[in-house]
Amino acid sequence: MRVRDTHKETLVRQNAITMLLRDGFDGFSMQKLAKACGISVGTLYIYYKNKEDLIIRLGIEEGSRMLKETMKGFSADMPFAEGLKKQWENRAAYWLKNKEAVRFYEKIKRTHYAEPILDEITRSFKPVMHAFVKNAIANKQLHFMSFESYWSVAFGPLYTLLEFEDKGKSVGNRVYKFSKKTMYETLELVLKALTP
Amino acid sequence: MHILIFKTNIDTEDAHKEIGALLNAETSIIDWNIDQEDIDKVLRIESRINNTTDIIHRISKAGFICEELPD
């Protein structure tokens, strides 16, 4: 009888992410993945139904892990400034520790695989973030604005800094290293813009 | 539950339908799919029992290649 092996599952997951980042979604196949993992194609199909099943499940796993980390020590009833600070700290910490997984998740978000993945992982995350914003507006800690304006100001600057870190360079080829100092400095400006 | 994996040549829509009807009629089979994108047209079956030999026999009888893919 075929048995599941968690070591093999981890090996498959890591190799799949590396291959998908290197070869893209079209260049990826179950045969190539099995070869890279040193396992038979038959074994790979024990874990996953097909390429699509594999990509979607990897996306759900990585996305859930990311959102779980993002929500650590955070709650919807936190004062707005404190809550946003926690979100920034958690998001930055996760990004810096899991660069390959983040790149994979960002890439998958731009494909047709995104919909089932986002449906699954944002189910528990969305209501909490929604309540956080609603509380903040009710408590006059946040200006009322469209969701897109809110999100791009609240989180856009953080991801710009993290992308600079990823490249090691900021605008005009300036050498850049992400630091808590620049993160908090930027966050302070964001809070100024968002709060009454 | 048993997961049974086969290499096949079930590569057309008609063949897929024919084998599908055969597998759907089998009460021990919980779920199945054929990865049409894969070179081996891998047939994956989730079954209550290990009926590997029986499945190979029935698909071969229908005129298709069906071999168990080794672990």
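This text follows the structure it describes.
A brief structural summary. (Residues numbered from 1 in each chain as written. Chains lettered and ligands numbered in written order. Predicted model: local features only at pLDDT ≥ 70, side-chain atom pairs only at ≥ 80, totals over all residues. Heavy atoms only, no water.)

Moving on to the pattern of salt bridges. Residues and elements named next belong to chain A. Tallying each qualifying case throughout the model produces 18 salt bridges over all chains. Among the salt bridges present, the one from Glu 89 reaches Lys 85, with a minimum N-O distance of 3.8 Å. Of this pair, Glu 89 and Lys 85 both sit in helix H5 (residues 80–97), four residues apart, which is roughly one turn of that helix. On the basis of relative accessibility, which here comes to 36%, the residue Lys 85 falls in the partly exposed class. Linked through salt bridges whose partners overlap, the residues forming this network are Lys 99, Glu 165 and Lys 177. (Salt bridge = Lys/Arg side-chain N within 4 Å of Asp/Glu carboxyl O. Helix = DSSP H or I, 4+ residues; strand = E, 2+ residues; numbered from the N terminus. Buried < 20%, exposed > 50% of the residue type's maximum accessible area, 1.4 Å probe, protein only.)

It is worth spelling out the interface of chain A and chain B at this point. Taken together, the 15 residues of chain A in the interface contact 18 residues of chain B. Contact between chain A and chain B buries roughly 1400 Å² in total, counting both sides, with carbon and sulfur atoms accounting for 46%. A salt bridge links A:Lys51 to B:Glu37, with the shortest nitrogen-to-oxygen separation between them at 3.6 Å. Where chain A packs against chain B, one counts nine residue pairs in polar contact (both at pLDDT 80 or more). If you list the elements that add at least two residues to the side of chain A that touches chain B, you get helix H2 (30–37) and helix H3 (41–47) of chain A. (Contact = heavy atoms within 4.5 Å. Buried area = accessible area lost by both parts, 1.4 Å probe. Polar contact = N/O pair within 3.5 Å; in protein donor to acceptor, adjacent residues only side chain to side chain.)

On to the packing of H5(A) against helix H10 (residues 180–194) of chain A, then. All names here are of chain A. Where H5 meets H10, the closest approach of the two axes is 11 Å, and the angle between their N-to-C directions is 140°. Classified by chirality, the crossing of H10 by H5 is right-handed. Residues Phe 80, Ala 81, Leu 84, Lys 85, Trp 88, Glu 89 and Ala 92 of H5 form the contact with H10, whose participating residues are Met 183, Tyr 184, Thr 186, Leu 187, Val 190, Leu 191 and Leu 194. Here the contact of H5 with H10 is built from residues that sort into eleven nonpolar, one polar and two charged. (Axes fitted to C-alpha atoms, helices over the stretch in contact; angles between N-to-C directions. Left-handed = near helix turned anticlockwise from the far one by under 90°. Nonpolar A, V, L, I, M, F, W, Y, C, P; charged D, E, K, R; others polar.)

With that settled, the discussion passes to the environment of A:Lys181. Within the fold, A:Lys181 resides in helix H10. Sequence separation between A:Lys181 and A:Phe25 is 156 residues; the distance between their C-alpha atoms is 37 Å.

A few words on the side chain of A:Gln87. Inspection of the secondary structure puts A:Gln87 in helix H5. Dropping the residues within four chain positions of it, A:Gln87 is found in contact with A:Thr70, A:Met71, A:Phe74, A:Met129 and A:Phe155.

What follows covers the sheet that holds strand E1 (residues 2–8) of chain B. Residue and element names in this part refer to chain B. The four strands are arranged E2-E3-E1-E4 in an open sheet whose pairing can be described as antiparallel. Two strands bound the open sheet, and with one partner strand each, they are strand E2 (29–35) and strand E4 (66–68). Strand after strand, the sheet turns through a mean of 25° between neighbouring axes, direction not considered. The pairing of E2 with strand E3 (residues 42–47) spans six bridges and is antiparallel. Looking at the pairing, Ile 34 lines up with Leu 43 of E3. The sheet strands contacting helix H1 (residues 13–24) are E2 and E3, and the helix crosses E2 at an angle near 165°. (Pairing = 2+ DSSP bridges.)

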